[in-house]
Structures are given as C-alpha cells and as structure tokens.
Amino acid sequence: MRVHFIVHESFEAPGAYETWARKKGYEVTFSRVYAGEKLPSSVERIDFLIVMGGPQDPATSMETCPHFDSKAEQAVILQAVKAGKAVIGICLGSQLIGEALGATFDHSPEKEIGKFPITLTNEGLAHPLFSHFGQSLEVGHWHNDMPGLTPDAKIIAASEGCPRQIVAYSELVYGFQCHMELTREVVELLIENSQKDLSRAAEFRFVETPDVLRAHDYDGMNQKLYAFLDKLTEKYRDRADI
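Sequence order sets the numbering: in each chain, residues are counted from 1 along the sequence as written. This being a predicted model, a pLDDT of at least 70 is required before a residue's local features are given, and a value of 80 or more before pairs of side-chain atoms are given or counted; all residues contribute to the totals for chains, interfaces and linings. Hydrogens are left out, water is left out, and the side-chain values use all remaining heavy atoms of the structure.

(A) Looking closely at unusual backbone geometry. We note that Cys91 has phi near 55°; this positive angle belongs to a residue other than glycine. Helix numbers and strand numbers start at the N terminus; a helix is a DSSP run of H or I with at least 4 residues, a strand a run of E with at least 2. By the secondary structure assignment, Cys91 is in the loop between strand 4 (86–90) and helix 3 (92–100).

As structure tokens, then:
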C-alpha cells in the first residue's frame, strides 16, 4: 500500500494516521505544501490519499495563503476518486473532498475544540466500516466549518455542535470533520498555534482550555481509527484486486 499525505501546516500533523501507515509497513509519502513541496502530478502510484486539516477553508485564496492552492488540491482529490483510490479528508481535507465533488462547505453551528462525543446515525450504525464505533464515541475536534454534502453522501456521525462529523461519499471516500488522529504530541502543536481561540474558551460551549486538552486520553479513539483504516484498506484491496 502506498499512502500519500497532503499536509497544510506543520501543526496539523498526520498523527495517528501516519502511525498506522508506518506500523503496517506501508510506503508513506508527503506533499507538505507549507514547506513548498509539490502536490502529486498523478495518482497512479498512490493507493491511499489522506488530506489533512488546516486553518484555511476551501475558499481561501492564494493571495491570502500562498502555499495553499485549493483548486489544485481539489483536482488531485477528484483524480484519486475517479481512479478508484481510497481517499480520506480530515477537517479542511473533508471540506476539500466535498468541494471537489461539487458540494460547497458550510460553517458549523458551533466552534468545537476538545474531546466530545459523536453519535452515529442509522446509516452509520448499519455501515460495516464503522460497526466497531458503537452508538457513541468520544473523539477530538478542532474546527469551525464542515463539509458539503453530495446527493449520494451519507452522514455517518454527528455531534451536538456539528451535524456533519463523518461523511461517506462512496465506499472508498470519507470525510472526517472530527480529528481522530490527535495524540498528545499533535495536541501540543495545536495548542501552541491556537492561542487566540483558546484564550476565548469561556465564550464557547465546546471549546476546552489547554489544561483540559492535555489531560485527555487519545489512545482509545486512535485504536478505533486504526480498525476503520484496516477495514477501508481491505475494501480497497478487494476493489482494486491487489
């Protein structure tokens, strides 16, 4: 398996996604666009495309953020989807998947930063790739927006603050508004780069303070993520006959 990450900022690190891929012995490559690394010109040598989050949104222009080319990333995503690759987007990445498929992102009803429960929908409870999640699961959050929905999209999970936490766009394409990849190390990076939001935690229902963020156990949700990724990989291998 060849896993390629598009990473927008050093502090929006792949975390548990990268840990999973390396533990499996998969080939791991990167487009660290914040460091000037180029996007893949072709998805031919990619099996699994994972697009990470960032402080941008899909409407952010290159004048505002010169290293973020939203349209170019959407083109790579669309190429991967059409080629039958496994594709996951996290936060901004999930919104870019929706945009690539013609669905405009929206602002979430609530800002969420912390660890809060998501609840699986009936579609989610019946979905074989999420059968191990249970009815409710505490996961990480760090967002203001949420992905758009195509006519065929299925909402797998929602939270009290956001109605689109996990979206299935197809059997191989998924958007995660939530951050199941968070580890203590990644959380520390995010805290360092989110002082403005965290200083106003008391103003929001679903924004936790740095001390609370540091105290959480993230291993449980990481393990649930690994099991999902294993199931998705098996599905991809069955479809791709590899």
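Right, picking up where we left off after that structure.
(B) Just the UniProt feature "domain: Glutamine amidotransferase" (unreviewed entry) in the chain, in detail. Taken from the UniProt record, the annotation "domain: Glutamine amidotransferase" (unreviewed entry) applies to residues 23–183. Regarding residues 23–183, the helix share stands at 17% and the strand share at 33%, and the terminal C-alpha atoms are separated by 16 Å. UniProt positions are given in the numbering used here, feature names are shortened, and annotations may be inferred rather than shown by experiment.

(C) Representation of the environment of Val51 in the model. Relative to the helices and strands, Val51 is located in strand 3 (residues 48–51). Exposure is judged per residue with a 1.4 Å probe applied to protein chains only, and the accessible area is read against the type maximum: over 50% gives exposed, under 20% gives buried, and values in between give partly exposed. A relative accessible area of 0% places Val51 in the buried class. We call two residues in contact when some of their heavy atoms are within 4.5 Å. In contact with Val51, other than residues within four places in its own chain, are Ile6, His8, Glu73, Ile77, Ile88, Gly89, Ile90, Gly93 and Leu96.

(D) Local environment of the nonpolar core. Residues belong to a common nonpolar core when they are buried Ala, Val, Leu, Ile, Met, Phe, Trp, Tyr or Cys residues joined through side-chain atoms within 4.5 Å. Ranked by internal contacts, the top residues of the largest apolar core, which has 55 residues, are Phe48, Phe130, Phe176 and Phe228. The dominant element in this core, judged by the number of residues it contributes, is helix 8 (residues 219–240), at seven residues. In contact with Phe228, not counting residues within four places along its chain, are Ile88, Leu129, Phe130, His132, Phe133, Tyr174 and Phe176. Val87, Leu96, Ala153 and Val173 belong to the second largest nonpolar core, which has 20 residues in total.

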